[in-house]
Amino acid sequence: MYSQSAPAKINLALDVLGPRPDGYHEMRMVMQSVSLQDQVTIREMPEGFRLLVMDLPEGVKTLEQRAAEAFFAVLGRPVPGLEVRLEKRTPAYAGLGGGSADVAAVLRLLREMYCPEMDPAELEAIGLTVGSDVPFCVRGGAALAEGRGERLTDLPPLPPCWLVIAKPAFDLPTPEMFRRLHSRTPSDGPDVNGMAGALRKGDLHSAAACMGNVFESVLEPPEQREVLYIKNTLCRFGALNAVMSGSGPSVVGIFAHKEDASAALDDLRNVCQTAALAQPMGRLI
Ligand code: C5P
């Protein structure tokens, strides 16, 4: 039996440059993996593919299976019987890459079990066939992500700090959030280069100052009210800054002090669907 953690990702800065001919969008973002994580366990079975998970959202099952099929297609051998068990802690459809993180952990485990010599870049390429965020989730740490999100340049992780990650009680479908951007009046996006520079300098305060997410500009008024309420609460408790992650609706606040982060967490637990304390993590592979 093989087991690995599947750390969620947050977007410290996220800009969408425009639509691409392939139907995706050209991205520029700084991603960071965090210690809010699922646990993924795989064991061989005589035959078939079985995914065991509590409260499995529709559609998630096929991603793990598709990843396994893509992995063994590259190896040129049939998919063995596999049982994948997910212990979920990261909320799904939340902008935290929960589903991508699980798929990425499945791929890291399959590499460990069947092909330890496989180049991590090849594993990331297999991940891209399943989802745009999967290559980053395979690698972890912090990175500037471009293209669909798969062109990764490693960055030093955020300097030691505390993160409060809170998800309001509504979901935002990613394709719909990308569509909303098309009717938006173009304006300056977040300072993605500034964020990359701040991480390279190890400067937590400038990193906090560069946090931004273009998807916040296309929230509908009721969604915006909830996201703003969480951001304001985080800042009231001493967050250096707060930003929505990915296509939302989760919000991340960065704190220099654990006591402030814990106080914010206690407050937000009462009003959010989920709220968690986390720390930035380094590379996983
Ligand atoms: O790649 P993934 O399947 O995770 O993407 C989910 C959806 O998000 C895509 O179907 C697409 O609508 C949108 N997307 C995009 N451009 C990206 C990544 C995702 O338009 N770079």
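A quick note: this is a predicted structure, and the numbers were derived from the prediction, not measured.

Caption draft 1: Quick look at the packing of helix α8 (residues 221–236) against helix α9 (residues 258–269). Across the interface, α8 lies against α9 with an axial gap of 9 Å and an inter-helix angle of 145°. For the pair α8 and α9, the sense of crossing is right-handed. Contacts between α8 and α9 involve Tyr229, Ile230, Thr233, Leu234 and Arg236 from the former and Ala264, Asp267 and Leu268 from the latter. Each residue belonging to the contact of α8 with α9 can be placed in one class, and the counts come to 5 nonpolar, 1 polar and 2 charged.

Caption draft 2: Fine view of the site of the ligand. Taken together, Gly23, Tyr24, His25, Met27, Gly131, Ser132, Arg148, Thr174, Pro175 and Phe178 are the residues near the ligand. Contacts to the ligand include histidine 25, whose side-chain N or O atom sits 2.6 Å from an oxygen atom. Between the ligand and serine 132, the relevant distance is 2.5 Å, taken from an oxygen atom to a side-chain nitrogen or oxygen of the residue. Notes on the ligand: free accessible area 450 Å², of which the protein chains cover 72%. Structurally, the ligand is housed in the largest pocket. Looking at the shell around the ligand, the elements that each hand over two or more residues are β2 (25–45) and α5 (174–182). Per-element tally for the shell around the ligand: the top contributor is α5, with 3 residues. Of the residues contributing to the shell around the ligand, the split by class is 4 nonpolar, 5 polar and 1 charged.

Caption draft 3: Local environment of the layout of surface pockets. Its volume calculated, the largest pocket comes out at about 1000 Å³. Around the largest pocket sit 42 residues that line it, and Ser100, Asp133, Thr174, Pro175 and Ser247 are the ones nearest its centre. Within the residue set of the lining of the largest pocket, elements represented by two or more residues are β1 (2–19), β2, α1 (60–75), α2 (98–114) and α5. Residues that form the lining of the largest pocket fall into these classes: 20 nonpolar, 15 polar and 7 charged.

Caption draft 4: Structural context of the packing of aromatic side chains. Here the structure, examined in full by the defined rule, presents 3 aromatic pairs. An angle of 75° between the planes, with centres 5.1 Å apart, marks the rings of phenylalanine 72 and tyrosine 114 as edge-to-face. Placement of the pair is phenylalanine 72 in helix α1 and tyrosine 114 in helix α2, with a sequence separation of 42 residues. Taken as a pair, phenylalanine 72 and tyrosine 114 share a single burial class, namely buried. Between the aromatic rings of phenylalanine 178 and phenylalanine 215, the centroid separation amounts to 5.1 Å while the plane-to-plane angle is 90°, which identifies the pairing as edge-to-face. One end of the pair, phenylalanine 178, is in helix α5; the other, phenylalanine 215, is in the loop between β8 (212–213) and α8, with 37 residues separating them in the sequence. Classification of phenylalanine 178 by relative accessible area gives buried; the value is 17%. Grouped by ring-pair contacts, the aromatic residues Phe71, Phe72 and Tyr114 constitute a single cluster. Over the aromatic face of tyrosine 24 sits the side chain of arginine 148, whose NZ or CZ is 3.8 Å from the ring centroid.

Caption draft 5: Region of the structure containing the packing of α2 against helix α3 (residues 120–128). Direction vectors running N to C along α2 and α3 enclose 135°, while the axes themselves pass 10 Å from each other. As far as their axial angle goes, α3 and α2 are oblique. For the pair α2 and α3, the sense of crossing is right-handed. Along its contact with α2, which presents Leu107, Arg108 and Arg111, the element α3 presents Pro120, Leu123, Ile126 and Gly127. Broken down by class, the residue content of the contact of α2 with α3 amounts to 4 nonpolar, 1 polar and 2 charged.

Cut-offs used in this document
Residues numbered from 1 in each chain as written. Predicted model: local features only at pLDDT ≥ 70, side-chain atom pairs only at ≥ 80, totals over all residues. Heavy atoms only, no water. Axes fitted to C-alpha atoms, helices over the stretch in contact; angles between N-to-C directions. Helix = DSSP H or I, 4+ residues; strand = E, 2+ residues; numbered from the N terminus. Left-handed = near helix turned anticlockwise from the far one by under 90°. Contact = heavy atoms within 4.5 Å. Nonpolar A, V, L, I, M, F, W, Y, C, P; charged D, E, K, R; others polar. Near = heavy atom within 4 Å. Polar contact = N/O pair within 3.5 Å; in protein donor to acceptor, adjacent residues only side chain to side chain. Areas by Shrake-Rupley, 256 points an atom, 1.4 Å probe, with all protein chains shown as cover. 1 Å grid on protein atoms, 1.4 Å probe; cavity = no way out; pocket = protein on both sides within 12 Å on 5 of 7 lines; lining within 4 Å. Sits in = over half its atoms within 2 Å of the grid points. Points joined across faces, edges and corners; volume = space filled by probe spheres on them. Phe/Tyr/Trp six-rings, centres within 6.5 Å; stacked < 30°, edge-to-face > 60°. Buried < 20%, exposed > 50% of the residue type's maximum accessible area, 1.4 Å probe, protein only. Lys NZ or Arg CZ within 6 Å of the ring centre and 35° of its normal. Parallel < 35°, antiparallel > 145°, perpendicular 65-115°, else oblique.

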